[in-house]
Amino acid sequence: MPAQFSQFASSVGVESAFSVLAIAKRLIAAGKDVIELEIGDSPFSTPPKAIEAGVQAIRDGHSRYGPSLGIMDFRNAAAEYVNREYGLSVTGEHVIAGPGAKNFEQLFCEAFLNPGDGVLVFSPHFPTYPPNIFRRDARMVLSELKASHDFRPSLEDVRRFLNEDKAPKAIFLNSPHNPTGGVALFEDLKGIADLIRGRDVVVFSDEPYDRMVWRGRHHSIPSRWIRSVDDKVTIAKTADEAHAHWRDEERSQALFGDDNSRSERDVGASHNLNRSFSGTY
Ligand SMILES: Cc1ncc(COP(=O)(O)O)c(C=O)c1O
């Protein structure tokens, strides 16, 4: 008798962007001219200095198991980055490095969610949020992002979720937002921080596009302005796509010069998935 897959295995779906990617690659291989709009992959090649650094690291023997939380130098560098950009005061000890944001969605859900817990998700949302929430038997509570509100999170819905849900436990935030492009303002994040302060509610703040804000600037929920957020509130921060700018740095310098302003430089940054980090503050 053939081995039966588990019920869980048969409930697992696909991420549609990768299905479309496979079709696109097949058409390209068959000689079709395809404009790819599915996954956020960089159109640029890896710059020579990154290739050399990778090869050199292997030559230097960095090809064995690393520490499970990530290489300390990288964790320190990530901590310096968020401190510099968002006014935090974290150390490398607060940072865990991993191979992608989705891993941290899963770990976050496993770390915090019990069956029956409510998770507020602003919608439309990234397709891997629901399966990660559902595999913990938690409930997804949707708040619609509206064009009339610039696709910013609704504080009224957060308030309702906290006051009316039977077991409110977590909020998934994503700003700058995929796919609407909405950017949460400082006042939105401050409002959410004020509402959840003192409660056993955790936030997964998914910020892979933090350097892709063309007007105003990106704010991260654990910024210096809302440092008073109670320490029970935990922020898992992803920052991968824009952080692949080791790949694009040279190109953006070529396009905009060395002393370009941040917003100009950001135009040169593009999508690529390489690293994520997740911290608990
Ligand atoms: C909102 C959002 N979260 C997470 C990810 C990426 O996750 P990962 O780094 O696991 O590919 C993306 C990528 O498109 C995204 O748009």
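What counts and what doesn't
Along every chain, residues carry numbers that run from 1 in the direction the sequence is written. Given that the model is predicted, a residue must reach a pLDDT of at least 70 before its local features are reported, and side-chain atom pairs must reach 80 or more before they are shown or counted; all residues, however, enter totals for whole chains, interfaces and linings. Runs of E in the DSSP output that reach at least two residues are strands. Runs of H or I that reach at least four are helices, and both are numbered from the N terminus. To sort residues by exposure, count the other C-beta atoms lying within 10 Å of each residue's C-beta; 20 or more gives buried, 12 or fewer gives exposed, and values between give partly exposed, all with C-beta atoms placed from the backbone. By convention the nonpolar core is taken to be a set of buried residues drawn from Ala, Val, Leu, Ile, Met, Phe, Trp, Tyr and Cys and joined through C-beta atoms within 7 Å. Throughout, a residue-residue contact means that the two C-beta atoms, derived from backbone geometry, are no farther apart than 7 Å. Expected span of a helix, by definition, is 1.5 Å for each gap between consecutive residues, and there is one gap fewer than residues. The arc in question is the one traced by the directions running from the helix axis out to the C-beta atoms. Values of pLDDT, the confidence the predictor places in each residue, fall between 0 and 100. A pair of strands is labelled paired if DSSP reports no fewer than 2 bridges between them.

### Considering the environment of Asn 132
Step number 1: Inspection of the secondary structure assignment puts Asn 132 in helix H6 (residues 129-134).
Step number 2: You can call Asn 132 buried: it has 24 C-beta atoms within 10 Å.

### Section: the nonpolar core
Step number 1: Within the largest apolar cluster, 32 residues are counted, with the highest numbers of intra-cluster contacts made by Val 119, Leu 120, Ala 170, Ile 171, Phe 172 and Ile 192.
Step number 2: Those elements that place two or more of their residues in this core are helix H5 (101-112), strand S2 (118-123), H6, helix H7 (155-164), strand S4 (168-174), helix H8 (186-196) and strand S5 (202-206).
Step number 3: Not counting residues up to four positions away in its chain, the partners in contact with Leu 120 are Val 141, Ser 143, Val 158, Phe 161, Ile 171 and Phe 172.
Step number 4: Of all hydrophobic cores here, the second largest spans nine residues; its members include Ala 78, Ala 79, Val 82 and Tyr 86.

### Here we look at helix H4 (residues 72-86)
In an α-helix, one turn spans 3.6 residues, which is why side chains three or four residues apart end up on the same side.
Step number 1: Over its 15 residues, H4 runs 21 Å from end to end, which matches the ideal 21 Å to within 8%, given 1.5 Å per residue.
Step number 2: Of the positions making up H4, those classed as buried are Arg 75, Ala 78, Ala 79, Val 82 and Tyr 86. One face of H4 carries all of its buried residues, which in axial projection span an arc of 100 degrees. Turned more than 90 degrees from where H4 packs its buried face, Asp 73 and Arg 84 sit exposed.

### Remarks on the confidence of the model for the protein
Step number 1: Considering every residue of the protein, the mean pLDDT works out to 80; 78% of them sit at 70 or more.
Step number 2: The least confident element of the protein is helix H10 (residues 262-268), whose mean pLDDT is 28; the most confident is H7, at 97.

### A few points about the pairing of S5
Step number 1: The buried fraction of S5 is high, at five of five residues.
Step number 2: Here S5 shows two buried faces, one formed by Val 202, Phe 204 and Asp 206 and the other by Val 203 and Ser 205.
Step number 3: Bridge count for S4 against S5 is five bridges, and the pairing is parallel. Bridged to Leu 173 within S5 is Ser 205.

### Describing unusual backbone geometry
Step number 1: For the bond running from Ser 175 to Pro 176, omega is -10 degrees, close enough to zero to count as cis.
Step number 2: Looking along the chain, the bond that leaves Asn 178 and enters Pro 179 is cis, with omega of 15 degrees.
Step number 3: Positioned with a positive phi, Asp 137 is a non-glycine residue whose angle comes to about 60 degrees.
Step number 4: Here Asp 137 is to be found in the loop between H6 and strand S3 (139-144).
Step number 5: Using a count of 11 C-beta atoms within 10 Å as the deciding quantity, one classes Asp 137 as exposed.
Step number 6: Within the chain, Asp 150 stands out as a residue other than glycine whose phi angle is a positive 55 degrees.

### Looking at H8
Step number 1: Residues Asp 188, Leu 189, Ile 192, Ala 193 and Ile 196 constitute the buried set of H8. Along the axis of H8, the buried residues cluster in a sector spanning 135 degrees; they form a single face.
Step number 2: After H8 finishes, the residue Gly 198 shows a positive phi value of roughly 85 degrees.

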